[in-house]
Amino acid sequence: MGRCSVRFGAWVVVAVLGAVFPVAPLLAQAPQAEAVTGNRIEKIIAAEQGGNIVLKLTMAQPLAAPPGSFSVASPARIAFDFPDTGNGLGRNSQALNTGDLRSVNVVQVADRTRLVLNLSKIYPYETRLEGRDVYITLATSQLRDVSAAATQSAQFAPPAAVGERHAVRDINFRRGKDGEGRLVVDLSDPNAGIDIRQQGSSLIVDFLKTDVPEQLRRKLDVVDFGTPVSSVVTQAQGGNTRMTVTPRGLWEHNAYQSDNQFVLEVKPVREDPNKLVQGTGKLRFGGEKLSLNFQNIDVRSVLQVIADFTNFNIITSDSVQGNLTLRLKDVPWDQALDIILQARGLDMRKNGNVIWIAPRDELAAREKLDLESKAQIGDLEPLRTESFQINYHKAKSVAEFLKSKDQSVLSKRGSVVPDERSNKLFVNDVASRLEELRRLIAEIDVEVRQVLIEAQIVEATDTFTRNLGVRLGFGGKTGGLLGKTEDGVSVYRNTFGSGTLNSTGYQAGQIITMPNFNESLGVNLPASTINGKQAGAFSLALWNSAATRFIDMEVSALEADGRGKVVSRPRVMTADKVEALIEQGTEVPFQTQGGGTTAPTVSFKKANLALKVKPQITPDGKVMMSIEVNKDQPRYDRPVANGNVPIDTKHVKTEVVVENGGTIVIGGIYTQDVSNNTVKIPVLGDLPVLGYLFRSNERTDNKTELLVFITPRIINEQLGLR
């Protein structure tokens, strides 16, 4: 490019919609266009017809096919490309101001010309050819907003066929990884028409010809998710479904649809007073692209070029002087401005659409002077007294916070006095600090949410015991003579019968009852008792033919199989971030041994079922808890020294994060006790088969399992437990 200045035709190339728009002296460009193109645009006329905007282009020669086109929603522009066509208008832009069509730009690059329509909002369009004329019709009548309160509208999805109905199946709200609020709507089919518009400080989403079930017609309070969205209201609106999304602060939104799922994202925007273009994204600069090529040009003239391009009001200090040389191609205009400021040691301050540019030292000195002036005004400003009603906190605790050494809400002349009876704060301070205090109290004095925590402690036991024992004895009729009955019958030691020596019931050799088993035992290994349960026994006696010798045997066996389950369910409700405790049980006395003249003392220890928990509701609706669970049981069946009672203790202490309404196992103990005991007579108890007559077996298999479940539920005053 040639070396020139702004005053006498410097080149400024602006890239918009991917095209390169040279804004240069027309006399140097027009002859070249005539030489390299076979067609040209000669005339442009715009008019409103039937509520639509019709743009008529007159060409030098008829076109064989309509020109290719594409549109951009923000900023609202439609571009048409004419191959082998030049610009025969004699200018690069033309103001039309017909409805929402503000102007057109006509830019020729080599043998191609691009026509760009600058609109207030995007509209559907169609193109037709009639001889040398090209008609572009903007269908503005189809998308006119009937609501005068709507400030911004966009049709996300076109409506479906006439008469077709759709339905909303489910509505969910989530928090994204970057802090954005994500509204997810499940539809019955992907053909529902969707309109999105900004109305005041809210977003309105209309699902055309769509029904919503009664249980989904509600207000979602999503403040605790920590996103820009504070609430979502779903309701039926005529034959449509309307969602009103209420964000707060600075935000921006985007929407997309995948099959039957529609997603609306609202992202937070953190405003930087020194940043010219507010918004989020990976790039720091987001302005429209331009190209600059200057050699030894005055810096004030370059700033004027940027002001004309951006429509910003730029004020430069008298100390901004000097020249610079730069060549920038296809860079955002805010980045180009930042490069210019860095090259000359300048800085800027932005207020609305006004940019003030001055040397860094000058700006710093001015800001320091302003701060010092404000500090002096604060020392002289009159004090005011205002009362603040505290609803959900104690006024005394808030006053202590404001009067702490680390606080910066009150000025050095300010004071605060709490009234515990009315729970009010009386603050005496300057007006600016009172305004900050009012905003602070509105943020912290909010209703504390409640959480219901339920613990379920399950103890399951499975016991099995099997015992087998034998008792074996032998004897005979021989023995010493005890005496004779009154009838003269001799009674021996081994003669069995009933009655006394004076009775006549004894007959020599007559068996009336079983023998006295304990006096004739040879093997005594019976089955043991289990929990006081006696073993079953089978006894028999074998005699010789003369009934003078006998062998008697008793087989005892016991098998016990038991299953049990103990369920304890303590539950407690508490406020967010407040510790709660619930317990039930007994206090067991313990006696200490005295010595000498010291008397024994008695102390008590708790044997309780207790639940101690401190919940914290996270921004995404989960519950984080510090939990301590105790289940103690006194063992009166196993006393120890001095008659003291031992205590079986089961204790769990942990921190977990659980979904709202979800259940989690925070602890489990599983024990198994297996034993096999044999008592036998040496040698004889090891004999095959016959060894069972000389031994006793006991087999035990006991299993115990302890599980602790926790279920938190956040209390919603309007909907109950959720």
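- By the naming in an unreviewed UniProt entry, the protein chain goes by Type IV pilus biogenesis and competence protein PilQ and is assigned to Zoogloea dura.
- Entered under Subunit (unreviewed entry) in the UniProt record, the comment concerning the protein chain runs "Homododecamer. Tetramer of trimer."
- Annotation of the protein chain in UniProt includes, under Function (unreviewed entry), the sentence "Required for type IV pilus biogenesis and competence. Could function as a pore for exit of the pilus but also as a channel for entry of heme and antimicrobial agents and uptake of transforming DNA."

Details of the UniProt feature "coiled-coil region" (unreviewed entry) in the protein chain
Here comes step 1: Within the UniProt annotation, "coiled-coil region" (unreviewed entry) is assigned to residues 427-454.
Here comes step 2: Between the C-alpha atoms that bound residues 427-454 there is a distance of 43 Å. The span itself is 50% helix and 29% strand.

Regarding the sheet that holds strand E25 (residues 313-316)
For sheets, the rule is that strands pair by backbone hydrogen bonds, running either parallel or antiparallel.
Here comes step 1: Judged by pairing direction, the sheet is mixed, and its 3 strands sit side by side in the order E25-E28-E27 without closing on themselves. One side of each edge strand has no neighbouring strand; the edge strands of this open sheet are E25 and strand E27 (346-351). Direction aside, neighbouring strands of the sheet carry axes that sit 25 degrees apart on average.
Here comes step 2: Where E25 lies against strand E28 (residues 354-359), 4 bridges are found, and the strand directions are parallel.

Focus: empty space enclosed by the protein
Here comes step 1: On inspection of all chains with the given rule, the structure shows 3 cavities of 30 Å³ or more.
Here comes step 2: One number sums up the size of the second largest cavity: a volume of about 40 Å³.
Here comes step 3: The set of elements that each furnish at least two residues to the lining of the second largest cavity consists of strand E41 (623-634), strand E42 (647-658) and strand E44 (695-716).
Here comes step 4: The element contributing the most residues to the lining of the second largest cavity is E42, with 3 residues.

Rules behind the numbers
- Residues numbered from 1 in each chain as written.
- Predicted model: local features only at pLDDT ≥ 70, side-chain atom pairs only at ≥ 80, totals over all residues.
- Heavy atoms only, no water.
- UniProt positions renumbered as here; feature names shortened; annotations may be inferred.
- Helix = DSSP H or I, 4+ residues; strand = E, 2+ residues; numbered from the N terminus.
- Pairing = 2+ DSSP bridges.
- Axes fitted to C-alpha atoms, helices over the stretch in contact; angles between N-to-C directions.
- 1 Å grid on protein atoms, 1.4 Å probe; cavity = no way out; pocket = protein on both sides within 12 Å on 5 of 7 lines; lining within 4 Å.
- Points joined across faces, edges and corners; volume = space filled by probe spheres on them.

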